[in-house]
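# Architecture and fold: a report
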Amino acid sequence: MSTFSIVAVDTLTGEIGVAVQSKFPNVRSIVPWVEAGVGAVATQSFARLDYGREGLALMRSGARADVAMLVQLGVDPDPESRQVGMVDARGRAATWTGAGAFEWRGGTAGGDAIESFTNLAPEAGTMIVGEGYAAQGNILVSEATVQAMARTFEAAEGPLAKRLMEALVAGGAAGGDKRGEQSAALVVHQKGAGYDGSDTIVDISVYDHPTPLAELERLYALNDLYFTDSKPENMTEVTPAIAREIQEIWIARGFQYEGPADGVVDDEFQRILTDYMGWENYDLRIDEVSGVDLAAGETLYIDREVLEDIRAVFREGRYR
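Residues numbered from 1 in each chain as written. Predicted model: local features only at pLDDT ≥ 70, side-chain atom pairs only at ≥ 80, totals over all residues. Heavy atoms only, no water.

- Where an unreviewed UniProt entry is consulted, the protein chain appears under the name Putative peptidoglycan binding domain-containing protein, with the organism given as Rubricoccus marinus.

## Here's the deal with the sheet that holds strand S6 (residues 92-97)
- If you trace the five strands from one edge of the open sheet to the other, you get S3-S4-S5-S6-S8, paired in antiparallel fashion. Taken across any chain shown, the strands that pair with only one partner, and hence form the sheet edges, are strand S3 (32-35) and strand S8 (126-131). On average, each strand axis in the sheet is tilted by 10° relative to the strand beside it, whichever way the strands run.
- Relative to S8, S6 is paired through six bridges, and the arrangement is antiparallel. Each bridged residue has a counterpart across the sheet, and for Arg-92 the counterpart in S8 is Glu-131. (Pairing = 2+ DSSP bridges. Helix = DSSP H or I, 4+ residues; strand = E, 2+ residues; numbered from the N terminus. Axes fitted to C-alpha atoms, helices over the stretch in contact; angles between N-to-C directions.)

## Things to note about helix H6 (residues 212-227)
- With 16 residues, H6 should cover 22 Å at 1.5 Å per step; its first-to-last C-alpha distance of 21 Å lies within 8% of that length.
- Looking only at H6, the buried set comprises Pro-212, Leu-213, Glu-215, Leu-216, Leu-219, Tyr-220, Asn-223, Asp-224 and Leu-225.
- Of the surrounding elements, those touching the buried residues of H6 are strand S1 (3-9), strand S2 (16-22), helix H5 (160-173), strand S10 (183-189), strand S11 (200-206) and helix H10 (304-315). (Expected span 1.5 Å × (residues − 1). Buried < 20%, exposed > 50% of the residue type's maximum accessible area, 1.4 Å probe, protein only. Contact = heavy atoms within 4.5 Å.)

## Some points on helix H8 (residues 267-279)
- The end-to-end C-alpha distance of H8, which contains 13 residues, comes to 18 Å, matching closely the 18 Å that a straight helix rising 1.5 Å per residue would cover.
- Buried residues of H8: Phe-269, Gln-270, Ile-272, Leu-273, Thr-274, Tyr-276 and Met-277, and no others.
- On its buried face, H8 sits against helix H7 (240-253), helix H9 (287-290), strand S13 (301-303) and H10.

Following this line, the structure appears as structure tokens:
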């Protein structure tokens, strides 16, 4: 499986995940394996799923990522055909490229940027150990793809999913797969941080697409809108002008509102806005609206990203 990927952990937040792109359909079903509080694995080239299944089991039992990888290499009947990246929840990372993986092939593991880039493995059969992340690829235009992923990830800021996404896109821009693009995936877990307390905060798959990285970016933006909480800096006051605009949208769409577009922000407006946000699937961004006590003189705010999406959905007629 011609693929480039990056596995990584944020030891401060507990986020752990994999980003991958491949000239192979439905890469999500094969390459990325993630478990919150345990580790992440990318198994590729001629992928062997036990690197994911058993690798996570070993790390769950306390093994370091490099030890888990060595154990699996030891029981693999054909380790030279594999390429694997692993990282455990404590940040220890390892990558392996076998001699049977098609060129260009190689990887690097986190640490000092200059040192890690010199650890690229054009000569197969070497396991590289580092901290925080491992990046690897095969059937690549050149080693520039892996270098770009590593450099971009180390420089990126924000949530782990965002950093993984940026690293993967940079790898594609640096050359990527010799044969082109087909599928991509981004999977990130964090204990209890997902929808209704699940561990999954991002799980995006592009099964088959002419530009899977661009599609992955689009889907990541949707995931950010629908599956993350509001940020304090994104909250904007619901002024009479904004309230009137929202009322006009309700009237045009026939949504539970029979009054005038008068811009009055009262308990009834708040109730309908709360219902409307649920109807439009902004579930994780409702609390900031429904929890405001207008009778006590509190000000009603709405997430700016939600407001912009409400406008875009109406403007573009995406509700029809």
